[in-house]
Amino acid sequence: MLDGAARTLGRLSTFTTREALPIARSAFGVAQDGIDELGIKLLGRDFEERLRRVPIPLGGGGVDPFGLDPSWAKYAIGGAAFFHRFYFRTIVSGIERVPASRVLLIANHSGQIPMDGVIIAASMFLDAEPPRIVRSMVEKWSQTLPFVSTFFSRVGQVVGVPENARRLLELGEAILVFPEGVRGVTKTFAERYKLTDFGLGFMRLALETNTPIVPVAVIGAEEQYVSIGNLRRVAKTLHLPSFPILPQLLLPGGALPLPTRYRLTFGEPMRFDGDPDDDDAIIEEKVLRVKATIQSMLNRGLKERKSVFW
């Protein structure tokens, strides 16, 4: 019996050494090749080179003054690239109009969750020349969510206060602003592509820092989650900006946004002169010009669009 067991163990050892391990190594190599190939499809073969071309003033802790960590940003861009290139299959036009120096990207906001910001950021890194890491001005309330503040800072997002925005522009950064704020992202389906009131802060910032404004029209986000209403009392109880009614959540897989076709259009840079401390009425006139430009871009894009999904 012992001899039989010894022979069995010997054969098992031989199989493991001569056959199983090479098979395992081969399988791992195939898997690794698959992962690498997926990474290439998502990010492109020049991803690392593009990342090196983005100037990031890193401190001793390996992060920039606002907490941006290139290693975190790499994975964030990878996830964004999947949605940008494969899930929403974004069509991008006019991105060559974005200046290579400091700039304010002003866009319409929608979709219940800020996927529009993710897609704009992915496009600015993967499609623009030179590649840019976009800084978004996030709502202050988002910093109260567990782990969110750390994640946002590590991937380059900054709390939307004037001091942060001013410093970033002084460093030559591209800042993405959604002047509609929460009012825009929580719009119902019936209100889609109708811009709500714009805040005035971005215009005062542009005037103070002599920064060009590039209007951005986002089409596709409005239909990714079909909201038929907002339970404001529930939202207030939970200390949330909104609590939308989304029937699609009742369907299998409904937690994912619908795979609508995103369309991003970057307009011609707009420059404004004036005193950033002017009365609201004077600043609002300038803001309305930007708002009207984006609304016109949206109307034109919707007229040209043949399908929500294609």
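Structural notes, computed from the coordinates. Note that residues are indexed from 1 along each chain, following the sequence as it is written. Given that the model is predicted, a residue must reach a pLDDT of at least 70 before its local features are reported, and side-chain atom pairs must reach 80 or more before they are shown or counted; all residues, however, enter totals for whole chains, interfaces and linings. For the side-chain quantities, the full set of heavy atoms in the structure was used; hydrogens and water were omitted.

**Examining the side chain of Ser123**
- Comment: elements are numbered from the N terminus, with helices defined as DSSP H or I runs of at least four residues and strands as E runs of at least two. Looking at where Ser123 falls in the secondary structure, it is placed in helix 4 (residues 115–126).
- In what follows, residue pairs with any heavy atoms lying within 4.5 Å of each other are defined as contacts. Ser123 has contacts with His84, Val92, Ile95, Ala128, Leu264 and Phe266, leaving out every residue within four places of it along the chain.

**Section: the pairing of strand 2 (residues 103–107)**
- Exposed residues in this analysis have more than 50% of their type's maximum accessible area, buried residues have under 20%, and partly exposed residues fall in between, with area computed by a 1.4 Å probe over protein chains only. With 5 of 5 residues buried, strand 2 is to be regarded as a mostly interior element.
- Residues Val103, Leu105 and Ala107 point to one face of strand 2 and Leu104 and Ile106 to the other, with burial holding for every one of them.
- Pairing between strands requires that DSSP locate at least two bridges from one strand to the other. Direction of pairing for strand 2 relative to strand 5 (residues 174–177): parallel, over a ladder of 4 bridges. Counterpart to Leu104 in the pairing with strand 5 is Ile175.
- Sheet topology places strand 2 next to strand 6 (residues 213–219); 4 bridges connect them, and they run parallel. Within strand 6, the position partnered with Leu105 by the bridge is Val214.

**Description of the pattern of salt bridges**
- For this document, the term salt bridge refers to a Lys or Arg side-chain nitrogen within 4 Å of an Asp or Glu carboxyl oxygen. For the structure on display, the rule yields 10 salt bridges.
- We note a salt bridge from Arg53 to Glu129, for which the minimum N-O separation is 2.1 Å. Here the residue Arg53 occupies a position in helix 2 (residues 47–53), and Glu129 occupies one in the loop between helix 4 and strand 3 (134–138), the gap between them amounting to 76 residues.
- A relative accessible area of 34% means that Arg53 is categorised as partly exposed.
- With a relative accessible area of 53%, Glu129 lands in the exposed category.
- Between Glu180 and Lys187 there is a salt bridge, with its nearest N and O atoms 3.3 Å apart.

**Quick notes on the packing of helix 6 (residues 162–170) against helix 8 (residues 201–209)**
- As a rule, the C-alpha atoms of each element are fitted with a line to give its axis, helices using only the stretch in contact, and angles between N-to-C directions run from 0 to 180 degrees. Two elements in contact, helix 6 and helix 8, have axes whose closest approach is 11 Å; the angle formed by their N-to-C orientations is 40°. Considered as vectors, helix 6 and helix 8 are oriented oblique to each other. For helix 6 against helix 8, the interelement crossing comes out right-handed. Residue-level inspection shows Ala165, Arg166 and Leu169 of helix 6 in contact with helix 8, the latter providing Leu205, Glu208 and Thr209.
- Gly is placed with the polar residues, together with every amino acid not listed as nonpolar (Ala, Val, Leu, Ile, Met, Phe, Trp, Tyr, Cys and Pro) or charged (Asp, Glu, Lys and Arg). The residue makeup of the contact of helix 6 with helix 8, split by class, is 3 nonpolar, 1 polar and 2 charged. The labels follow the angle: roughly parallel below 35 degrees, roughly antiparallel above 145, roughly perpendicular from 65 to 115, and oblique for the rest. Working rule for handedness: look at the near helix, and if it is turned counterclockwise from the far one by less than a right angle, call the crossing left-handed; if clockwise, right-handed.

**Some words on the sheet that holds strand 2**
- The strand order across the open sheet formed by 7 strands is 1-7-6-2-5-3-4, and the pairing between neighbours is mixed. One side of each edge strand has no neighbouring strand; the edge strands of this open sheet are strand 1 (91–93) and strand 4 (158–159).
- Bridging between strand 6 and strand 7 (residues 263–266) involves 4 bridges; their strand directions are antiparallel. Within strand 7, the residue paired with Ala217 across the bridge is Thr265.
- Strands strand 2, strand 6 and strand 7 of the sheet are contacted by helix 10 (residues 280–304), whose axis makes an angle of about 35° with strand 6.

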